[in-house]
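Chain by chain, the residues run as shown.
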Amino acid sequence: MDQDSNPKRTGVTRRGLLAGSAATVALANAHALADPATPSPAPAPATVPVSLNVNGTKHSLKLDPRVTLLDALRERLGLTGTKKGCDHGQCGACTVHVNGTRINSCLSLAVMHEGDEITTIEGLGLPGNLHPMQAAFVKHDGFQCGYCTPGQICSSVAMLKEFDQGVPSNVTEDLENIVFSDEEVRERMSGNICRCAAYPNIVAAIREVHGGGVA
Amino acid sequence: MMKFDTPAGPNPTDKLKVLDKPYDRIDGPLKVSGQAPYAYEYQDAAPNAAYGVVVTSTIGKGRIDTIDTSDAERAPGVLMVMTHLNAPKQNDRGSPQLQGAEIKQYGQAVALVVANTFEQATAAAQMLHIGYSQEKGRFSLDLLKDGELSQRAGNVDMGDFAGAFAGAPAKVDVTYTTPNQSHAMMEPHASTAVWHGDKLTLYLAHQVMHWVTSGVAGTIGIPEANIRAVSAYVGGGFGSKLVIYADAILASLAARKLGRPVKIALTRGQIFNHTTHRAQTMQHLRLAAGRDGKLVAVGHATYTGDQPGGGGEHASGQTKLLYAGKNRLIQTYLAELDLPKAGAMRAPGEAVGLLALENAMDELAEQLDMDPVELRVVNDIQYDPEVGPDRPFSERKLVQCLRTGAERFGWSKRNPKPGQVRDGQWLVGMGVSAGIRGNPVTASGTRVTLRPDGTVLVESAMTDIGTGSYTINAQTAAEMLGVPMAAVEVRLGDSALPRASGSGGSWGANSSTSGTYAACWLLRRMLAEKAGFDPEQAQFADGAIAAGDKRVALKSLVGGSPVTAVDSIEFGDLTKKYAQASFGAHFAEVGVDMHTGEPRVRRLLSVCSIGRVLNPKTARSQCLGGMTMGVGSALMEDLIVDPRFGYFVNHDMAEYQVPVHADIPDLDVVFLEGEDNKSSPMKARGVGELGICGVGAAVTNAIYNACGVRVRDYPATMDKILAGLMT
Amino acid sequence: MRAFTYERADSPQAAAQAVASHPEAKFIAGGTNLLDLMKLEVERPAHLVDVTRLDLKKVERTGDGGLRIGALVTNTAMASHPIVKRHYAVLSRAVMAGASGQLRNKATTGGNLLQRSRCPYFYDTSKPCNKRKPGTGCSAIGGFSRNLAILGISDACIAQHPSDMAVAMRLLDAKVETIMPDGGTRAIPIADFHREWGNTPNVENALRHGEFITAVTLPKPLGGTHVYRKVRDRASYAFATVSVAAVIGDGVQRFAFGGIASKPWRVEAAEKLSGADAIAKAVLAGARPTAQNRFKIPLTRRTLAATIEQAQA
């Protein structure tokens, strides 16, 4: 999991540098064209302890600070339901809930989530006990290859909550009186790309869950 | 082995108790809960996998002069750096990697870095010092000048094209261009390689399992029997995953060398240049008709390019079959390019060929002052125009598709004069296109087992790339054996199972269910014999076998050990005797912002004739996907070449844009009733690609109808529309 | 990603000090742009100072009737705030026109101001780029430039500023409040915050190393009708080809533009003119388009006309 388990070299301080020693790793020629402000050697990765509450279970990890929340879930905790589609916030496959809010887990460092409540697709529901949104996706064929699907579902569930909280969107006509519509759903779900393009079926699933259908 | 060489007569699939019903996907609960494992996620089978990261070339053509790996090798956690200097020798046939200093394309693998963690491998991959000498490449060429007639395209020169074209009263002579496009499936190419002794198990993202075993074994020089390929779940392919890339070969080699599983995923950025794409085309359309609209000359020349040995994009193919016309000149010219190698992408040929042909038909209709639907109707032909009535279509209902669609879409409300309909800021128009996609079929096998508890296990190396293979193969077995869907379990995507068609070219559903059909027939015979029934007379229904008034529960025939049948389907020459294709008609309503020229799709309808529909729910989803990709090709998808560097510059998903939710309204899909007994015993045809075939042309024809701007250079983006609006 | 050390700051000044004391340190908040660039090694900080635990998440009225938005207020929270929705609708709309729901939930007010260009050559470390590595040249000039800037550019760089939020901030005359490592503070008018590229396109804003954004303040509400019109190929989840922020009415006429310039673009003198053509002409004076993005000139003019029409409807 982590290559450096020396406790003296780990640990977050509230102030001041981590006690990581700087190993000598020469800069690469590959960076002849990179950011100029990088004259010094890269420091060795010191691990940092972090505890994550994932789907109701607390996990205490020691992580290379470079580990994204997405890779922590997939490669450290074995929760591979959350997908890596682009690793750059351009597709939405990695969507999870952090403290109830949807985010791209690929663009977030795991160490920044100390103490956060994280819900992944596995935490929403499993076969035999599916979340209503998961069941609606099955019923309406809201997926094909299945790779963007956990992200679409996590996004859908949190999106409906945002709607109830008065979060507007780019297609909202009256910012102070937001009306649920297919157009609103499509705009709000646009951060989740589905190349198989189950879009109309996804909207149908969301429509049904919003209307209280699908047990 | 069952040979399909005469048209299918009545058979047990005709009951349609299970087939033709909109069952939910049986793999659905696993997929919606994140429990379906993809290639990079076999942590149980490869618990200690090391992480490989591929380094790819940053020049388009030239040589590696120097490659210094010392910093990367010293970086924390690094286990191995492989370059052309130390990579194992591989065979030229197949997909060899790191076999020399020569760079043939941008994005070619030049090194592999393996480390204990992904973060370590990714960081070390940036520490290579690579010196290149760059050579002038052929990245930006005049396709019209540099191409040669492609022999493999099947060119047609029939009658007196030049004379007929010259003498016709109505004609169009127009050139369309289509850009390079990327599959952009959601799951990146990935491989996890695990060796047990001299046997390799490769979990990867691929569409055809036996292509992996032969391709990887051939490349790295091991017996094909020593490799097992697993692609139980594939996160989209669209043709991209018909090819073996660096991830598969390098994971296999590195895992063998390290004595430890290795997994590699290509980065999203690498995918655009390292893997295949749909090649650009320039298409010269010359269509001529009499005053009655009947085509007298059909000319379609495609100019495309590819790496030496590649095929480019054969965009003229559909024009051979779609419309009548006695004088025909249909050709493809292929030029050599040094851009990344092209490959098949959803409906290779038709997807962009129809963009050009079906726009040109619209232009011809306008010249004739004829309704575009009627122009297509009068040019319908029920046989291969090149061969004559001796080669009829197996089932061709194009006219019915057009008529049904026109009625349903409200086509009669279309104002044929462009720019007449306004809705607020939107100029609104309607467009139509015909669709055609060939119906290839290929050998496919299945193993069917009746288990002691009365349940049925269906196993095949077939893949499900989102197509619904799991579900329709379960439906086929349930139908054939008279058991409920809940009693059928399906396992796919494993080369250890009977060799199957795999997924590609719209052949998967028809071929693989035919293989399951064959295996079920064999199992029926075995069970009938066990029960003492005449296999030809026995009926399978409600979990029992019956003949006359005798009835025996299937379960009771099994005893303690399962009964297994393995069989496959092979296809004879019915595709030669009969022209076979799926047909469709697409109708689009598009709004063009009168100020900005932004085009937005408002309504879209596809009427599809695909023979028997195996599962209307999953088949409809295939159409939705194709239609949406068609919208993408019409409005936004454009892989931009920077000829100075020889690469696709917009190599990420923010800059290579594919449609998002907000681009796609509710889509309407209609399947015509039908069955095609010349296609397969399932009486179905392919559907996976039909949706994209023509939709884009319907969209751009609607743009023209909306605002009077005909964009002949795809995609039809606002800048091009705006240029027309301002003239 | 290059290895880095990590710490959490417990006060704004401590954060400023932490970054100031390390030449290769950066602040990280939402991370949606910084991590994107770090993965590509376009950004290569050796030390990250996590500021997300700081108490800068409030939106509150200021004494002069304006609004102070904490630097860590997320885009979603800002756009959803009742005061913003009611009195600064152009800002709410601009924010909601950008990125995706997930990104807006993470991206912060301060971070958005520091968003870097989407130029594809800036994003590719194998290609020359003066913004990433001064003196190497500009690959975009003579390359793929359809989406890039036509104003505020130079022979060294033609990158565009990608933010929607900052365009509305520019229209509203926002001020960027910062703290220095020594505890000193300043308020930078947003017009002076972002820079035109000139010969130093690597320097994108007025901040010094270690200077930390604590809030953005808005003057008292303008009234008028607020419109944000974003033009793009894809209907959502795409950067602006052209965008126009407008507030018209109650004696006010203001416009700011996105997608066309090195920084959020506003020409105050043009706002005294009437008619879209005259205003656009003044706004676009000095534009230096490439052959690929020349269409942004008529597109900006026409989008402005549409925006005015919409505001007056």
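Chain C is annotated in an unreviewed UniProt entry as Xanthine dehydrogenase YagS FAD-binding subunit from Stakelama sediminis.

Where an unreviewed UniProt entry is consulted, chain B appears under the name Xanthine dehydrogenase YagR molybdenum-binding subunit, with the organism given as Stakelama sediminis.

Visitor: Explain the overall build of chain B here, please?
Guide: Across its full length, chain B holds 18 helices and 31 strands. Taking 727 residues into account, the globule formula puts the C-alpha radius of gyration at 27 Å, and chain B, at 27 Å, falls close to it. Viewed in the frame of its principal axes, chain B has a C-alpha envelope of about 80 × 75 × 50 Å. Counting across all 727 residues of chain B, residues that qualify as buried make up 66%. Put simply, 81% of the contacts in chain B that link residues at least 6 apart link residues at least 24 apart.

Visitor: When you look at the domain arrangement of chain B in this model, what are you seeing that I'm missing?
Guide: Many structure descriptions define interface size as the accessible area lost when the parts assemble. Residues and elements named next belong to chain B. Here chain B is described as being made up of domain 1 (2-35 + 441-576), domain 2 (39-136 + 189-265) and domain 3 (152-162 + 278-439 + 580-725). One C-alpha centre belongs to domain 2, the other to domain 3; they are set 38 Å apart. Contacts between the two partners involve 11 residues from domain 2, matched on the other side by 13 residues from domain 3. For the side of domain 2 that touches domain 3, the class distribution of residues is 5 nonpolar, 4 polar and 2 charged.

Visitor: Mind showing me how you'd approach the interface of chain A and chain B here?
Guide: Contact residues are listed per partner, giving 57 residues for chain A and 58 residues for chain B. Only α1 (69-76), α2 (121-124), α3 (132-139), α4 (149-164), α5 (182-188) and α6 (199-210) of chain A provide two or more residues apiece to the side of chain A that touches chain B. Counting residues per element, the side of chain A that touches chain B draws most heavily on α3(A), which supplies 4 residues. For the side of chain A that touches chain B, the per-class residue count stands at 30 nonpolar, 16 polar and 11 charged.

Visitor: Just checking my understanding: could you explain the pairing of strand β15 (residues 281-289) of chain B for this structure?
Guide: The side chains of a regular strand alternate, residue by residue, between the two faces of the sheet. Residues and elements named next belong to chain B. With 8 of its 9 residues buried, β15 lies for the most part within the structure. Where strand β10 (residues 170-178) meets β15, 9 bridges bridge the pair, whose relative direction is antiparallel. Counterpart to threonine 175 in the pairing with β15 is histidine 284. Examined bridge by bridge, β15 and strand β16 (residues 295-306) share 9 bridges and lie antiparallel to one another. The residue bridging threonine 281 from the neighbouring strand is threonine 304, located in β16. The turn linking β15 back onto β16 is made up of 5 residues, and glycine 293 within it adopts a positive phi angle of 90°.

Visitor: Help me out: how do you make sense of α4(A) in this one?
Guide: An α-helix turns once per 3.6 residues; consequently, residues spaced three or four apart project the same way. All names here are of chain A. With 16 residues, α4 should reach 22 Å at 1.5 Å per residue; the first-to-last C-alpha distance of 23 Å fits that figure. Within α4, 12 of the 16 residues are buried, leaving the element largely enclosed by the surrounding structure. Looking one or two residues past α4, glycine 166 carries a phi angle of roughly 85°, positive in sign.

Visitor: I'm lost on the interface of chain C and chain A in this one. Help?
Guide: Contacts between the two partners involve 49 residues from chain C and, on the opposite side, 53 residues from chain A. If you list the elements that add at least two residues to the side of chain C that touches chain A, you get β1 (5-8), α2 (34-39), α3 (75-80), α4 (82-87), α5 (89-97) and α6 (101-106) of chain C. Tallying contributions element by element places α6(C) first for the side of chain C that touches chain A, with 5 residues.

Visitor: Even after reading the chapter, I still don't get the environment of Val230(B), so can you show me in this structure?
Guide: Residue and element names in this part refer to chain B. Within the secondary structure layout, valine 230 lies in strand β13 (residues 227-230). With 192 residues separating them in the primary sequence, valine 230 and tyrosine 38 have C-alpha atoms 9.5 Å apart. Those residues in contact with valine 230 that sit more than four places away from it in its chain are Thr201, Tyr203, Gly493 and Asp494.

Visitor: What should I look at first to understand α6(A) in this one?
Guide: Residue and element names in this part refer to chain A. Its 12 residues give α6 an end-to-end C-alpha distance of 16 Å, which sits within 8% of 16 Å, the value for a rise of 1.5 Å per residue. In terms of burial, α6 is largely enclosed, as 9 of its 12 residues are buried. Within α6, burial applies to Tyr199, Pro200, Asn201, Ile202, Val203, Ala204, Ala205, Ile206 and Val209. Just beyond α6, the residue with positive phi is glycine 212, at close to 95°.

Rules behind the numbers
Residues numbered from 1 in each chain as written. Chains lettered and ligands numbered in written order. Predicted model: local features only at pLDDT ≥ 70, side-chain atom pairs only at ≥ 80, totals over all residues. Helix = DSSP H or I, 4+ residues; strand = E, 2+ residues; numbered from the N terminus. Rg over C-alpha atoms; globule rule 2.2 N^0.38 Å. Buried ≥ 20, exposed ≤ 12 C-beta atoms within 10 Å, placed from the backbone. Contact = placed C-beta atoms within 7 Å. Domains from an automatic or database assignment. Nonpolar A, V, L, I, M, F, W, Y, C, P; charged D, E, K, R; others polar. Pairing = 2+ DSSP bridges. Expected span 1.5 Å × (residues − 1).

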